[in-house]
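Read off the chains here:
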Amino acid sequence: MADNFQTLKCPACQKEMTKVFVPSEGVNIDICLDGCGGMYFDTREFKYFDEQHENIDEILKAIEGKTFTPVNEKLPRTCPVCGARMVKNYTSTKQEVQIDECYACGGKFLDHGELEKIRAEYATEEDRRDDMMKAVYDTVGVEIKRLDAETAKLRAERSLMKKLFDKMIYG
Ligand SMILES: [Zn+2]
Ligand SMILES: [Zn+2]
């Protein structure tokens, strides 16, 4: 969903969120400055801020020195943009940080402090992807090995049949 100027209600504490403009990316991030300190990113915003080399000064400046109300991070949340039930997902295979994602509009809600943790997980997007691929391979690797073994067996059978066939034809 495209960035708009509608005020969002924080999905964690129901307080009105504040738009924090990030000029370098030309986007507004919704931050719960008067409540829990949570942040809402729309589907295209998050990728500008999840890596260590990306600048989050504007976001840090906005939350600097503020005390936020703690919230129960385990509670289910509703997307403040489209009203769909959000889904809790780990941000990586390290399974350290869990954020709320909206599968309907692509929005992401991060509790206070989670953005910093996500950024600390990997140095680059490539490292994040590599780690994900490794995890995928670990899961499907077992299946691939089984298929490989089956293929090898089929190949052996085929070569045996060919030998028998050759013998029948050419003696
Ligand atoms: Zn809040
Ligand atoms: Zn949504």
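Before reading further, recall that the structure is shown in the block above.
Residues numbered from 1 in each chain as written. Chains lettered and ligands numbered in written order. Predicted model: local features only at pLDDT ≥ 70, side-chain atom pairs only at ≥ 80, totals over all residues. Heavy atoms only, no water.

Participant: Please explain the coordination of the zinc ion (ligand 1) as it appears in this structure.
Facilitator: Coordination of the zinc ion (ligand 1) by the protein involves Cys10 (SG), Cys13 (SG), Cys32 (SG) and Cys36 (SG), with metal-donor separations of 2.2 to 2.3 Å. Taken together, the four donor atoms surrounding the zinc ion (ligand 1) define angles of 94 to 121° at the centre, an arrangement classified as tetrahedral. All donors of the zinc ion (ligand 1) belong to a single chain; written as a sequence motif, their spacing is C-x2-C-x18-C-x3-C. For Cys36, a relative accessible area of 4% corresponds to the buried category. (Donors = N, O, S within 2.8 Å, 3.2 Å for Na, K, Ca; no water. Tetrahedral: all angles 85-135°; square planar, octahedral: opposite > 155°, others 65-115°. Buried < 20%, exposed > 50% of the residue type's maximum accessible area, 1.4 Å probe, protein only.)

Participant: When you look at the coordination of the zinc ion (ligand 2) in this model, what are you seeing that I'm missing?
Facilitator: Octahedral metals with six donors have ideal donor angles of 90 or 180 degrees. Tetrahedral metals with four donors have an ideal donor angle of 109.5 degrees. Looking at the zinc ion (ligand 2), the protein donor atoms are Cys79 (SG), Cys82 (SG), Cys102 (SG) and Cys105 (SG), and they sit 2.3 Å from it. The coordination sphere of the zinc ion (ligand 2) comprises four donor atoms, whose angles at the metal cover 98 to 122°; the geometry is tetrahedral. One chain supplies every donor to the zinc ion (ligand 2), and in sequence these donors are spaced C-x2-C-x19-C-x2-C. Remark: Cys105 occurs in the loop between β5 (98–101) and β6 (108–110) and Cys79 occurs in the loop between α1 (57–63) and β4 (87–90); sequence separation between them is 26 residues. Judged by relative accessible area, which is 3%, Cys79 ranks as buried. Judged by relative accessible area, which is 12%, Cys105 ranks as buried. (Helix = DSSP H or I, 4+ residues; strand = E, 2+ residues; numbered from the N terminus.)

Participant: Quick question: what am I supposed to make of the pattern of salt bridges here?
Facilitator: Two side chains with opposite charge may pair up if their charged atoms get near one another. Under the counting rule described, the total for this entry stands at 10 salt bridges. Across the pair Lys61 and Glu58 runs a salt bridge whose closest N-O atoms are separated by 3.8 Å. One end of the pair, Lys61, and the other, Glu58, are both in helix α1, three residues apart, so they sit about a helical turn from each other. Its relative accessible area of 53% is what places Lys61 among the exposed residues. For Glu58, a relative accessible area of 28% corresponds to the partly exposed category. By sharing partners, the salt bridges in this structure join Arg77, Lys88, Asp100 and Asp111 into a single network. (Salt bridge = Lys/Arg side-chain N within 4 Å of Asp/Glu carboxyl O.)

Participant: How do you make sense of the layout of surface pockets when you look at a structure like this?
Facilitator: Regions of empty space are outlined by a rolling probe, equal in size to a water molecule, passed over the atoms. In this structure, the largest pocket occupies an estimated 240 Å³ of space. Lining the largest pocket we find Phe46, Lys47, Asp50, Tyr90, Thr91, Ser92, Ile99, Glu101, Lys108, Glu125, Arg128 and Met132. Those elements giving two or more residues to the lining of the largest pocket turn out to be β5 and α3 (125–170). Sorting elements by how many residues they give to the lining of the largest pocket places α3 first, with three residues. Split into classes, the residues belonging to the lining of the largest pocket amount to four nonpolar, two polar and six charged. The residue makeup of the lining of the largest pocket includes at least three contributed by each of domain 1 (18–121) and domain 2 (123–171). (1 Å grid on protein atoms, 1.4 Å probe; cavity = no way out; pocket = protein on both sides within 12 Å on 5 of 7 lines; lining within 4 Å. Points joined across faces, edges and corners; volume = space filled by probe spheres on them. Nonpolar A, V, L, I, M, F, W, Y, C, P; charged D, E, K, R; others polar. Domains from an automatic or database assignment.)

So far we have only geometry, and geometry alone does not tell us how the molecule works.
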